[in-house]
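Geometric and topological summary
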Amino acid sequence: MLNRFDSLLRAAAWSLAFACPAVLAQAVEEQAAAVQGNPAPGYRLGQGIVLGDSGFTAGGYAVMAYDGTGGAPGDPDWRAGLDALSGFLWWDGGGRWQFFTEVELEDGFLATSDEITVDDAYLGLERFYFDYRYSDSLKLRLGKFLTPVGHWNLIHAAPLVWTTSRPLITEATFPVNATGAMLTGVLPWLPRGLEYSIYGSPGQELFPNPELDTFEEAYGLHLSTEILPQLSVGLSFVDFELDSSADQRRRLYGADFQWNWQRYELTGEFAYRITSLTNAERDEQGGYLQLAAPLGERLFAVARYETFRDTAATRDLNVYLGGLNYRPRPGLVFKAEYSRATDNDIDARDGLLASFAVLF
């Protein structure tokens, strides 16, 4: 009887996971047509909705996900539900000032092998900043923004990345958000330009997520440039303290690259973190290589290898991932992947993950 109930619950969760984003996408298109007064939809998924002549544009994305990796001993065998519902609002009045904010509902509802619940729902502020553009080579950003480390963290919205899971080195080694000031732009010092971000986070994070370890203080730099046609490289450096251990100074050194060729994409990131302690904690380090290859007009195969060493681990964790990415239309994406972890001392994902995401 319990096995039958579990099967019914799993089927219901999968049905919700795949039905909700498609319904939401259709509703957004119809609403956009009504707002703009068009008899036919004038809205395209992923483009946002222009709010009249106000200068504001609204958009966002939603993700329904299934996780069959199991997690740590005692965790549910599987889980599925509304993984994220994120809303964007940005303003551009045509002058030097711009504004952007992102609010995200995480785990809006969750079905597991044990229960269906909304108790884990959390509404958080992902980004909230103002930009002042002096020129293409100099822009000032003030507020809460994504930490400019590597490649993945700056484009991590689910519909824009190849896999449901994000590489461990991009989520465990540094906080994904920073609050403070940043200077950014493109300098004409190299043949294809040098993109830079210099930032400082002198205090605690604005509206921090209580589940995450945030910056207590941070200063950093990210540089990137295209060294060959369709091949870009980047370097990252951050000197920081974490809220959970403000007495420990950490430094992170990173490198990343992206290569595109005839719809193939090869990306990688590598990071090495050291702390002020020399006896109790080991350095944290790792990286990944990921290849996306076309199988058809809308279907891609994805393969990724990760290596990661946690602070307290005595050996390197290795994760091997293979999956599919299907984009039936712009703004809609289905992803399914299977991960296999070896030397798994930190209960990293090991099993099937799938998701359906819509960018609106």
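These lines cover the structure that appears in this document, whether it is placed above or below. Only a predicted model underlies this, so the values are computations on that prediction, with no experimental measurement involved. (Residues numbered from 1 in each chain as written. Predicted model: local features only at pLDDT ≥ 70, side-chain atom pairs only at ≥ 80, totals over all residues. Heavy atoms only, no water.)

A contiguous nonpolar patch, built from Trp-97, Phe-128, Phe-130, Leu-206 and Phe-207 and spanning about 490 Å² of accessible area, is present on the exposed surface. Looking at the secondary structure, you find Leu-206 in the loop between strand S10 (194–201) and strand S11 (215–228). Note on Leu-206: relative accessible area 31%, which makes it partly exposed. (Patch = residues over 30% accessible without salt bridge, like charges linked within 9 Å, V, L, I, M, F, W, Y side chains within 5 Å. Areas by Shrake-Rupley, 256 points an atom, 1.4 Å probe, with all protein chains shown as cover. Salt bridge = Lys/Arg side-chain N within 4 Å of Asp/Glu carboxyl O. Helix = DSSP H or I, 4+ residues; strand = E, 2+ residues; numbered from the N terminus. Buried < 20%, exposed > 50% of the residue type's maximum accessible area, 1.4 Å probe, protein only.)

Glancing now at the nonpolar core. Generally speaking, soluble globular proteins have nonpolar side chains that are buried together. Core analysis: the largest hydrophobic core is formed by 34 residues, its most contacted members being Tyr-61, Val-238, Phe-240 and Leu-252. Contributions of two or more residues to this core are made by strand S2 (56–67), strand S3 (79–92), strand S9 (177–187), S11, strand S12 (231–242), strand S17 (317–329), strand S18 (332–342) and strand S19 (351–359). At three residues, S12 tops the list of elements feeding residues into this core. Phe-240 has contacts with Thr-173, Phe-215, Glu-217, Ala-218, Gln-248, Arg-249, Arg-250, Leu-252 and Arg-273, leaving out every residue within four places of it along the chain. Judged by nonpolar contacts, the second largest core, of eight residues, contains Tyr-43, Leu-45, Leu-332 and Phe-360. (Core = buried A, V, L, I, M, F, W, Y, C linked by side-chain atoms within 4.5 Å. Contact = heavy atoms within 4.5 Å.)

Turning our eyes to something else, we now look at empty space enclosed by the protein. This model, assessed by the stated rule, comprises two cavities of 30 Å³ or more. In this structure, the largest cavity occupies an estimated 70 Å³ of space. Around the largest cavity, the lining is made up of 13 residues, and of these Val-149, Gly-254, Glu-269, Phe-270 and Ala-271 lie nearest the centre. Among the elements of the structure, strand S13 (245–261) and strand S14 (264–275) are those that each provide at least two residues to the lining of the largest cavity. Here the element with the most residues in the lining of the largest cavity is S13; it accounts for four residues. A breakdown of the residues in the lining of the largest cavity according to their chemical character gives seven nonpolar, four polar and two charged. (1 Å grid on protein atoms, 1.4 Å probe; cavity = no way out; pocket = protein on both sides within 12 Å on 5 of 7 lines; lining within 4 Å. Points joined across faces, edges and corners; volume = space filled by probe spheres on them. Nonpolar A, V, L, I, M, F, W, Y, C, P; charged D, E, K, R; others polar.)

What follows deals with a negative patch on the surface. Together, Asp-77, Asp-114, Glu-115, Asp-119, Asp-120 and Glu-211 line one region of the surface with negative charge. Relative to the assigned elements, Asp-77 resides in the loop between S2 and S3. Judged by its relative accessible area of 57%, Asp-77 falls in the exposed class. (Lys, Arg positive; Asp, Glu negative; His and termini not counted. Charge placed at Lys NZ, Arg CZ, Asp CG, Glu CD.)

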